[in-house]
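Fold and contact review
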Amino acid sequence: MSKEIDYGKWAEITIERWKERMKELKIHSSGELFNSFKAHVEHDANGNLAKIAFTFHFYGWYVNAGVGNGYKHGNGGNLSFLKDWKTNGKHRHAKPWYDKIYWREFNRLVAIAAEHYGELAAEQIRQFEVSEQIWQTK
């Protein structure tokens, strides 16, 4: 029979992969975002997975999208730090640390869960067949 799924371990691996990606993109300069990751795995009363929640500093979304301080709606396009933006290299650009990692790890979890619950279902069917055979021999 299959082992139980360790959702907490999956969440830890996902966070580690985000941190690896952030290092690749050189996002960890202050360390605040890098050190802010937390995962919370919640189970229902029957012990089934209810929710997996990740938290991190909100500005991580801005880093991922390449926006942030100085970029705001309605500023009229007057962003002095973007003067000669094609040559100065100081303008922001997206550093996609989140999306690809999340969806790759999510799909891995789906595959793990499918295999796990498939094995559980097969075991239930085997048990039913055995009990049915016992019942028919009586």
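Coordinates for the structure precede this section.
Thresholds, definitions, all that
Residues numbered from 1 in each chain as written. Predicted model: local features only at pLDDT ≥ 70, side-chain atom pairs only at ≥ 80, totals over all residues. Heavy atoms only, no water. Patch = residues over 30% accessible without salt bridge, like charges linked within 9 Å, V, L, I, M, F, W, Y side chains within 5 Å. Areas by Shrake-Rupley, 256 points an atom, 1.4 Å probe, with all protein chains shown as cover. Salt bridge = Lys/Arg side-chain N within 4 Å of Asp/Glu carboxyl O. Lys, Arg positive; Asp, Glu negative; His and termini not counted. Charge placed at Lys NZ, Arg CZ, Asp CG, Glu CD. Helix = DSSP H or I, 4+ residues; strand = E, 2+ residues; numbered from the N terminus. Buried < 20%, exposed > 50% of the residue type's maximum accessible area, 1.4 Å probe, protein only. Pairing = 2+ DSSP bridges. Core = buried A, V, L, I, M, F, W, Y, C linked by side-chain atoms within 4.5 Å. Contact = heavy atoms within 4.5 Å.

A contiguous patch of negative charge, built from Asp 6, Glu 12, Glu 16 and Glu 20, is present on the exposed surface. Take Glu 12: it is sitting in helix 1 (residues 7–24). Judged by relative accessible area, which is 46%, Glu 12 ranks as partly exposed.

As defined by bridge partners, strand 1 (residues 38–43) adjoins strand 2 (residues 49–55) across 6 bridges and the pair is classed as antiparallel. Looking at strand 2, one finds that Glu 42 is bridged to Lys 51. Here strand 1 hands over to strand 2 after 5 residues, with Gly 47 in that stretch at a positive phi of 90°.

Time to look at the nonpolar core. Residues Trp 18, Met 22, Phe 37, Phe 54, Phe 56, Trp 97 and Tyr 98 are the most contacted members of the largest nonpolar core, which totals 19 residues. For this core, the elements supplying multiple residues, two or more each, are helix 1 and helix 4 (99–137). In contact with Trp 97, not counting residues within four places along its chain, are Trp 18, Arg 21, Met 22, Leu 25, Ile 27, Phe 37, Phe 56, Gly 60, Val 63 and Asn 64.

Let us look at the pattern of salt bridges. Enumeration over the complete set of coordinates arrives at 6 salt bridges. Glu 105 serves as the salt-bridge partner of Arg 108, at 2.9 Å between the closest nitrogen and oxygen. Of the two residues, Arg 108 and Glu 105 both sit in helix 4, 3 residues apart, roughly one turn of that helix. For Glu 123, the salt bridge is made with Arg 126, and the minimal N-O distance between the two is 3.0 Å. Note that Glu 123 and Arg 126 are positioned in helix 4 at a spacing of 3 residues, about one turn of the helix. Each of the salt bridges in this network shares a partner with another, and the network as a whole consists of Arg 17, Arg 104, Glu 105 and Arg 108.

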